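# Residue-level structural notes
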Amino acid sequence: MAAAVKKLYNWSWQGTDKRGNRIAGKAVATDEAAVKADLRRQGVVPLKVSREKAVGGGGRAIETGDIAVFARQLATMMKAGVPLVQSFDIVGKGHDNPRMQNLIMAIKGDVEAGSSLAEAMGKHPLYFDDLFVNLVHAGEQAGALETLLEKVATYKEKTEAIKKKIKKALTYPLTVLGIAILVTTVLLIYVIPQFESLFQGFGAELPAFTQMVVNMSHFMVEKGWILGVIFAGAVSGFIGLKKRSAKFRERLDRLALKMPVVGDIMTKAAIARYSRTLQTMFAAGVPLVEALDSVAGACGNIVFEQAVRKMQEQVSTGQQLNLAMAQTGLFPNMVVQMIAIGEESGAIDAMASKVADFFEAEVDDAVDNLSALMEPMIMAILGILVGGLVVAMYLPIFKLGSVV
């Protein structure tokens, strides 16, 4: 369970410097003890510390991109020779998101209390996963924390870029379709009844297509709320079932891999994440069996996760990684052969990096192709929904004109 992130407050303080001169200032910290400890490190004897208002408002939710930027900034500070605790101060107080400030200062407080950076981050699993914590731990043990933080930042940035690409490809058509459905609903509820009252004055029978649209309008006006309740219930049920049922999530992931076009993108994205995580962990000196544990959780698809877990068991008994990969049936022959070459040459991280680069580029191309493919389909659906309603409303007018 994630540890609660302590809230940050603004503090005003008064004290004396090394020469005995009285000085005053402002500080941002979680509690009074943290303010006093920070002042003492700077050679200031605190005399009075007063808490003011909390820092910022609620702030937006912390995203993966925020964590990647934090890792990159921390690595840059440390490479420049800035001490770890001071790096937290600079990065935390300069962040525009109060929630991120609170998180960084909470980690800083744990480090000041004697915890290692990996232990301090491990208290917040909602933001720092096992892979992140393991790499930081490896960096602390090897005395190369800034190097490992750079690797983590690069890994987070690349995986986040893939996720954004896929989200963009799926969000665009869904958004357009949602708007089309909304426009259609508004037309059926508010516009069609106006035309119907006009048609009643014609005294003639309406064309079948127009009558069908009018009947749909009646249903939406009188019982449209039923559809709204059913839709809301279906969405909330789907979200709830996805959160609670591992079997349901597995079926969704399997279905996603089998879908035309989208399935190919999901497969390539999972292979890219697998390869990038394997490369990052192996380059950090994490043993292969231990690394596969983090790799499994980073694949982003339960089907691949289960396959990697089986691979981990096989590798732990002495089997080569490329043979274990081949037996899953999920990895293309090219990927298996690249990893085999890496095992023979002792450069698994280099080969995995090349595989990740290749499949990340493949995902980019596939997403662009999907977007190009979806645009004419979306236009066709829009034409059918909105254009169909317009034609239905003008058919009686055309019929009346022919009679006249």
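Report follows, based on the coordinates. Given the structure is predicted, the values throughout are model-derived calculations rather than measurements.

## Section: the overall build of the protein chain
Of the regular secondary structure elements, the protein chain holds 15 helices and three strands. In terms of overall dimensions, the protein chain is more spread out than a globule: its C-alpha atoms have a radius of gyration of 30 Å, far above the 22 Å expected for 404 residues. Dimensions of the protein chain, computed from C-alpha atoms along their principal axes, come out at roughly 105 × 65 × 35 Å. Within the protein chain, the proportion of its 404 residues that are buried is 40%.

## A word on the side chain of Lys268
By secondary structure assignment, the location of Lys268 is in helix H10 (residues 262-283). If we skip the residues at most four places from it in the chain, Lys268 touches Phe359, Glu362 and Val363.

## What to know about helix H8 (residues 208-244)
Relative to the 54 Å expected for 37 residues at 1.5 Å per residue, H8 spans just 47 Å between its end C-alpha atoms, considerably shorter than the ideal helical length. Remark: the principal bend of H8, roughly 75 degrees, maps to Lys223.

## A word on the packing of helix H6 (residues 130-142) against H10
One way to put it is that H6 packs onto H10 with a least axis distance of 10 Å and a crossing angle of 20 degrees. Taken together, the axis directions place H6 and H10 in an arrangement best described as roughly parallel. Crossing of H6 over H10 shows left-handed handedness. On H10, the residues that touch Leu131, Asn134 and Leu135 of H6 are Thr277, Thr280 and Met281. Among the residues forming the contact of H6 with H10, the class breakdown is three nonpolar, three polar and no charged.

## Looking at the side chain of Asn301
Structurally, Asn301 can be placed in the loop between helix H11 (288-298) and helix H12 (302-316). The class for Asn301 is buried, based on a relative accessible area of 8%. Those residues in contact with Asn301 that lie beyond four places of it in its chain are Asp253 and Leu257.

## Some details on the packing of helix H2 (residues 64-79) against helix H3 (residues 84-93)
Two measures define how a pair of helices packs: the angle their axes make with one another and the distance between the axes. Direction vectors running N to C along H2 and H3 enclose 130 degrees, while the axes themselves pass 10 Å from each other. With respect to each other, H2 and H3 are oriented oblique. Where H2 crosses over H3, the handedness of that crossing is right-handed. Taking contact as the criterion, the partners of Phe70, Gln73, Leu74, Met77 and Met78 in H2 are, on H3, Leu84, Ser87, Phe88, Ile90 and Val91.

## Some points on the nonpolar core
As a rule of thumb, soluble globular proteins bury nonpolar side chains together. Membership of the largest hydrophobic core comes to 42 residues, with the highest contact counts inside it found for Tyr274, Leu278, Leu321, Met325 and Phe331. Listing elements by their share of this core, those giving two or more residues are helix H7 (145-200), H10, H11, H12, helix H13 (321-328), helix H14 (333-345) and helix H15 (348-403). Element by element, the count of residues in this core is highest for H15, at eleven residues. In contact with Met325, not counting residues within four places along its chain, are Tyr274, Met311, Phe331, Val335, Val336 and Ile339. In this structure, Phe70, Leu103, Ile107 and Met281 belong to the second largest nonpolar core, which totals 37 residues.

## Regarding the pattern of salt bridges
Across all of its chains, the model carries eleven salt bridges by this definition. Taking the shortest distance from any N to any O, the salt bridge between Asp110 and Lys123 comes out at 3.5 Å. Here Lys123 lies in the loop between helix H5 (117-122) and H6 and Asp110 lies in helix H4 (residues 98-112), a separation of 13 residues in the sequence. Judged by its relative accessible area of 17%, Asp110 falls in the buried class. A salt bridge links Arg276 to Asp357; its shortest N-O distance comes to 2.6 Å. Pair noted here: Arg276 is in helix H10 and Asp357 is in helix H15, with a separation of 81 residues, a long-range link. Classification of Arg276 by relative accessible area gives buried; the value is 4%.

## Side note on the environment of Met105
Tracing the backbone through its elements, the reader meets Met105 in helix H4. Separated by 71 residues in the primary sequence, Met105 and Ala34 place their C-alpha atoms 9.7 Å from one another.

## A few points about H2
Taking 1.5 Å per residue, 16 residues should reach 22 Å; H2 reaches 23 Å between its end C-alpha atoms and fits that length. The set of residues buried in H2 consists of Asp66, Ile67, Ala68, Phe70, Ala71, Leu74, Ala75 and Met78. Packing partners of the buried residues in H2 comprise H3, H4, H5, H6 and H7.

## Details of the environment of Gly122
Assignment of secondary structure puts Gly122 in helix H5. With 44 residues separating them in the primary sequence, Gly122 and Met78 have C-alpha atoms 20 Å apart.

## Let's talk about the packing of aromatic side chains
Scanning the model with the defined rule gives seven aromatic pairs in all. Taken together, a centroid distance of 5.0 Å and an interplanar angle of 70 degrees make the contact between Phe128 and Phe132 edge-to-face. For the pair formed by Phe128 and Phe132, the shared burial category is buried. Aromatic side chains Tyr274 and Phe331 sit 4.8 Å apart centroid to centroid with 50 degrees between the ring planes, which places their arrangement in the tilted category. One end of the pair, Tyr274, is in helix H10; the other, Phe331, is in the loop between H13 and H14, and 57 residues separate them in sequence. Assigned by exposure class, Tyr274 and Phe331 land together as buried.

## Here we look at the environment of Ala350
Relative to the elements of secondary structure, Ala350 occurs in helix H15. Taking the C-alpha atoms as reference points, Ala350 and Ala283, separated by 67 residues in sequence, lie 8.4 Å from one another.

## Looking at a nonpolar patch on the surface
On the surface, Phe219, Trp225, Ile226, Leu227, Val229 and Ile230 cluster together to form a nonpolar patch covering roughly 590 Å² of accessible area. Relative to the elements of secondary structure, Ile226 occurs in helix H8. The exposure class assigned to Ile226 is partly exposed, which follows from its relative accessible area of 31%.

Calculation notes
Residues numbered from 1 in each chain as written. Predicted model: local features only at pLDDT ≥ 70, side-chain atom pairs only at ≥ 80, totals over all residues. Heavy atoms only, no water. Helix = DSSP H or I, 4+ residues; strand = E, 2+ residues; numbered from the N terminus. Rg over C-alpha atoms; globule rule 2.2 N^0.38 Å. Buried < 20%, exposed > 50% of the residue type's maximum accessible area, 1.4 Å probe, protein only. Contact = heavy atoms within 4.5 Å. Expected span 1.5 Å × (residues − 1). Bend = angle between axes of the 7 residues up to and from the residue. Axes fitted to C-alpha atoms, helices over the stretch in contact; angles between N-to-C directions. Parallel < 35°, antiparallel > 145°, perpendicular 65-115°, else oblique. Left-handed = near helix turned anticlockwise from the far one by under 90°. Nonpolar A, V, L, I, M, F, W, Y, C, P; charged D, E, K, R; others polar. Core = buried A, V, L, I, M, F, W, Y, C linked by side-chain atoms within 4.5 Å. Salt bridge = Lys/Arg side-chain N within 4 Å of Asp/Glu carboxyl O. Phe/Tyr/Trp six-rings, centres within 6.5 Å; stacked < 30°, edge-to-face > 60°. Patch = residues over 30% accessible without salt bridge, like charges linked within 9 Å, V, L, I, M, F, W, Y side chains within 5 Å. Areas by Shrake-Rupley, 256 points an atom, 1.4 Å probe, with all protein chains shown as cover.

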